[in-house]
Amino acid sequence: MAVTAASVTAGGRRPGAIGGSPGEGGSRLGGIARAFWTSVRIGWRMEANWTDPLLFFIYSVAKPVSAALILVVMLSIVAGPAAANLRPFVVIGTALWSLVTSGISGLAWSILDDRERYRMLKYIYVSPADFVVVLLGRGVARLGVGAAGTIITIVIGILVLGVPFDLGRIDWPVLVLATLFGLTSVVALALLLAAICLQTRQESWSYPEAFAGAAFLVSGAVFPLTVLPAPVQVLGLVTPLGWWIEAARRAFLPDAPSGIGGAGSYLASINGGAVPSAAECLLALIVTGAVATLAAAVVFRFSVRRAQERGLLDLTTGS
Amino acid sequence: MSVMSQEPRVGAASEPAASPAAETPTTATPPASPAVPAGTPLALQVESVRRVYKAKSGAVTALAGVDLEVQAGELFGLLGPNGAGKTTLIKILTTLLAPTSGTAKVFGFDVEHETKRIRRIMNMVAGGEQSGYGILTVREQLWMFSQFYGMSSADGWKRSEALLDRVGLGEKKHQRVSTLSTGERQKMNLARGLMNDPWILFLDEPTLGLDVEAARSLRELMLEWRAAVPGRTILLTTHYMAEADELCDRIAIVHKGRILAIGTSAELKRRVQRESIFRVELDRLEGGVGSIAHLPGVVKATTAATDGGQAERQNVAINLVLEDDAALGAVVGALGTHGSRILGLQKSEPTLEDVFVELVGRGFEDEDEPEEHVDDPEAST
């Protein structure tokens, strides 16, 4: 098929013309959107296309569902009849944690996959597309897998575990805002880990999971912070993940037990023992999320520059 | 109009750029081809570029002050053994790696400060690697890059398919990348490299690991692409001397991070052969080689062994060392006077390997340096 200059432009400039201005390749926003959605699309193909849809569905939901069931059984044994009150607590925490683990690992694994396995990172980097936009697109695809797990865990929580979700009682504005800022924070933390993985060897595959494992303890997802020593509770309070999960809990079930505050918690020694309200959780989420996002942007920019200086963008450790 | 020859701006075909003699390493460049638009900046301008990598064992100098100028429209070759610094230079010019010191410009744009502009007008293809998203189809892989280069989705599909047809992968466009052979994957990579219709294409050992047929096909494609539009430039790194000899307008011989010599293939060969050497086969020679050794321009004449069967062994073969080619006329005239009939005449040419040996003191195969340098992440953290 013959392609003419009139029908195809190469990056928004006249094909074949040498010299002069290389052009800007159309609008900047248009270019960003195109690169982002292309990455989402390619990322989804890579996430979901390695097996048949049924097997992929099972893979996507088996982990969070089994995790929720294990925890519920544990709670039933440990807490006995009182466990019924903790089921919503555990189901919401586990459901949202599915987004955290997939979201945090998505960007870092994209870096490692593209650099070491597919050997494509250098070609993406030297294209005009915004590097961070391409990475975020790839991360969104993985976040989609996590979102499927979240939804299915909540549905199973309602249908199987009898979690009393009442759509009429859900504080939708809080839930929407908490989801928006919470996911932004997850992506920011993912960017931070991607920045670290850009500097390290292939063994850093496990870094995102290690980070998620540590954060799991201090975020109040399943274990209330009150069971942890005060210094560790402080760690939980300065990360946005705990505030996100707490805000989502308040939105779903205003009367659910608190994961980060209440009697005996470190937060209680600051605020006098009150369980933080949904608004307070949102405010704390916005502040800690903003700090995390800013830090991630700075660190990622620094990391890319350092990788370019040290020749790490096409590093293949082969291990 | 094919995908290779979109809307040339001036003229019809690119002429190989003429080059002045380059007996020593130099930054002198040939005059721009008349077909290249006036005012077009140098395709490459590299000044005192150094690159030092940190390693546990200490600093490794990959580039030790490289100066280089390449005119728009040239097919310029970097020839050197593994570890010479060729790939490091390409990485710097494609904005993948920052130089430790020095400046480098691509069509006038600085590699450190104008990266966005450079990325619009260049592309790169590396050989000897299995790059590509195996799970995507061939056309999806190309389309993805069309989007990164700012094309509309529809145009991206059209251009992807046109390029795949051109490189001979049209029938495999729906196959997964993982099913392609090494040669096919490299053709796909070349198609990706042409996706943005670059002004300059960086080819880093593009035929490495390919069979003879695939390598020839790839070389034809790159030559066709360059010839289609005046000003299209190629920087080719290779350690295949025949490839550099065959393709490049000019060649820089690189060794241990330094450019040792720059010139056309013929100019470089003249470095090691200042005289002209011919082998002449005659039916007879009255008076022996002494009868021509005294002729003007003849440096030396010696008898050589003849090849072939009994009939050929009746003939006489002589090796002639002449001051230059012009002296050959007098020799041929004198042989005619002596009644000798010339049965064969062959000029002996040095190879680029000879040039390398002359410059370095040893051949390519004697080199055992690492192929690629990189900062050791552990050393740098």
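Remember, predicted model here, so these are calculated numbers, not experimental data.

Definitions and limits used
Residues numbered from 1 in each chain as written. Chains lettered and ligands numbered in written order. Predicted model: local features only at pLDDT ≥ 70, side-chain atom pairs only at ≥ 80, totals over all residues. Heavy atoms only, no water. Helix = DSSP H or I, 4+ residues; strand = E, 2+ residues; numbered from the N terminus. Buried < 20%, exposed > 50% of the residue type's maximum accessible area, 1.4 Å probe, protein only. Contact = heavy atoms within 4.5 Å. Areas by Shrake-Rupley, 256 points an atom, 1.4 Å probe, with all protein chains shown as cover. Pairing = 2+ DSSP bridges. Axes fitted to C-alpha atoms, helices over the stretch in contact; angles between N-to-C directions. Phe/Tyr/Trp six-rings, centres within 6.5 Å; stacked < 30°, edge-to-face > 60°. Lys NZ or Arg CZ within 6 Å of the ring centre and 35° of its normal. Salt bridge = Lys/Arg side-chain N within 4 Å of Asp/Glu carboxyl O. pLDDT = per-residue confidence, 0-100. Parallel < 35°, antiparallel > 145°, perpendicular 65-115°, else oblique. Left-handed = near helix turned anticlockwise from the far one by under 90°. Nonpolar A, V, L, I, M, F, W, Y, C, P; charged D, E, K, R; others polar. Arc of directions from axis to C-beta.

1. Quick look at the overall build of chain B
Each helix and strand counted, chain B has 13 helices and 14 strands in total. Looking at chain B as a whole, 56% of its 381 residues qualify as buried. Restricting the contact set of chain B to residue pairs at least 6 apart, pairs at least 24 apart contribute 73%.

2. Quick notes on the overall build of chain A
In terms of helices and strands, chain A carries eleven helices and zero strands. Listing the helices and strands of chain A from first to last along the sequence gives α-α-α-α-α-α-α-α-α-α-α. In chain A, once contacts between residues fewer than 6 apart in sequence are set aside, the share between residues at least 24 apart is 77%. Carbon and sulfur atoms make up 71% of the accessible area of chain A, which totals about 13400 Å².

3. Comments concerning the pairing of strand β1 (residues 44-55) of chain B
Residues and elements named next belong to chain B. Pairing of β1 with strand β2 (residues 58-70), which is carried by ten bridges, proceeds in the antiparallel orientation. By the bridge assignment for β2, Val46 is matched with Leu68. Hairpin remark: β1 followed by β2, antiparallel, with two residues in the connecting loop.

4. Brief notes about helix α3 (residues 138-148) of chain B
Residue pairs three or four apart in sequence face the same way in an α-helix, which turns once every 3.6 residues. Most of α3 of chain B is tucked away: eleven of the eleven residues are buried. Those residues of α3 of chain B not exposed but buried are Val138, Arg139, Glu140, Gln141, Leu142, Trp143, Met144, Phe145, Ser146, Gln147 and Phe148 of chain B. Against the buried residues of α3 of chain B lie α1 (28-48), α4 (121-125) and α5 (131-159) of chain A together with α4 (153-166) and α5 (182-193) of chain B. Count one or two residues on from α3 of chain B and you reach Gly150 of chain B, which has phi positive near 85 degrees.

5. Considerations on the sheet that holds β1 of chain B
All names here are of chain B. Taken in spatial order, the four strands line up as β2-β1-β4-β5 in an open sheet, and their pairing is antiparallel. Both edges of this open sheet fall to β2 and β5 (109-110), since each of them pairs with a single strand only. This element, helix α1 (residues 86-93), spans β1, β2 and β4 (101-106) of the sheet and lies at about 115 degrees to β1.

6. So, the packing of aromatic side chains
Going through the model one piece at a time under the given rule, you end up with nine aromatic pairs over all chains. Of the aromatic side chains, those joined through ring pairs into one cluster are Trp97, Phe216 and Phe223 of chain A. For the cation-ring pair, Arg41 of chain A lies above Trp143 of chain B, with the distance from its terminal atom to the ring centre recorded as 4.6 Å. Lying over the aromatic face of Phe145 of chain B, Arg192 of chain B brings its terminal NZ or CZ to 5.6 Å of the ring centre.

7. Remarks on the pattern of salt bridges
The tally for this structure, following the rule as stated, stands at 23 salt bridges over all chains. One salt bridge in this structure joins Glu116 of chain A and Arg115 of chain A, with 3.7 Å as the shortest N-O distance. Its relative accessible area of 7% is what places Glu116 of chain A among the buried residues. Classification of Arg115 of chain A as buried rests on a relative accessible area of 2%. Between Lys269 of chain B and Asp245 of chain B there is a salt bridge, and its shortest N-O distance comes to 2.8 Å. Separated by 24 residues along the polypeptide, Lys269 of chain B in helix α8 (residues 265-272) and Asp245 of chain B in helix α7 (residues 241-247) bring together distant segments of the chain. Its relative accessible area of 29% is what places Asp245 of chain B among the partly exposed residues. Connected through shared salt-bridge partners, Glu246, Arg249 and Arg250 of chain A make up one network.

8. Points about the confidence of the model for chain A
Looking at chain A as a whole, the pLDDT averages 83, with 85% of positions reaching at least 70. Between residues 1-16 of chain A, whose pLDDT stays under 50, and residues either more than four places distant or in other chains, the model counts 53 contacts.

9. A look at the environment of Leu142 of chain B
Looking at where Leu142 of chain B falls in the secondary structure, it is placed in helix α3. Separated by 51 residues in sequence, Leu142 of chain B and Gly193 of chain B place their C-alpha atoms 9.4 Å apart.

10. A closer look at the packing of helix α6 (residues 172-199) of chain A against helix α11 (residues 278-310) of chain A
Residue and element names in this part refer to chain A. Where α6 meets α11, the axes come as close as 8 Å, and the angle between the chain directions of the two elements is 25 degrees. For the element pair α6 / α11, the angle class is roughly parallel. Considering how the two elements wind past one another, α6 and α11 form a crossing that is left-handed. Of the residues belonging to the contact of α6 with α11, the class tally is 23 nonpolar, seven polar and one charged.

11. Section: helix α12 (residues 352-360) of chain B
Residue and element names in this part refer to chain B. All buried positions along α12 are accounted for by Leu352, Val355 and Phe356. Projected down its long axis, α12 carries its buried residues within an arc of 100 degrees, all on one side. Just past α12, the residue Gly361 takes up positive phi, approximately 95 degrees.

12. Let's talk about the confidence of the model for chain B
Residue and element names in this part refer to chain B. Averaged over every residue, the pLDDT of chain B is 83; residues scoring 70 or more account for 83%. Predicted confidence for residues 7-28 stays below pLDDT 50, and this span has 56 contacts to residues more than four positions away or in other chains. Low pLDDT (under 50) marks residues 377-381, which in the prediction has eleven contacts with non-local residues, meaning those over four places away or in another chain.

13. A closer look at the sheet that holds strand β3 (residues 75-79) of chain B
All names here are of chain B. Pairing is mixed across the open sheet formed by six strands, whose spatial order is β6-β7-β8-β3-β9-β10. On the outer flanks of this sheet lie β6 (122-126) and β10 (258-263), each paired with one strand and no other. Neighbour-to-neighbour, the strand axes of this sheet turn through a mean angle of 15 degrees, independent of strand direction. Two elements, strand β7 (residues 200-204) and strand β8 (residues 233-238), share five bridges in a ladder whose sense is parallel. Looking at the pairing, Leu201 lines up with Ile234 of β8. Lying over the sheet, helix α6 (residues 212-228) contacts β3, β7 and β8, oriented at roughly 155 degrees with respect to β8. Seen against the sheet, α12 touches β3, β9 (250-255) and β10 and runs at an angle of roughly 40 degrees to β9.

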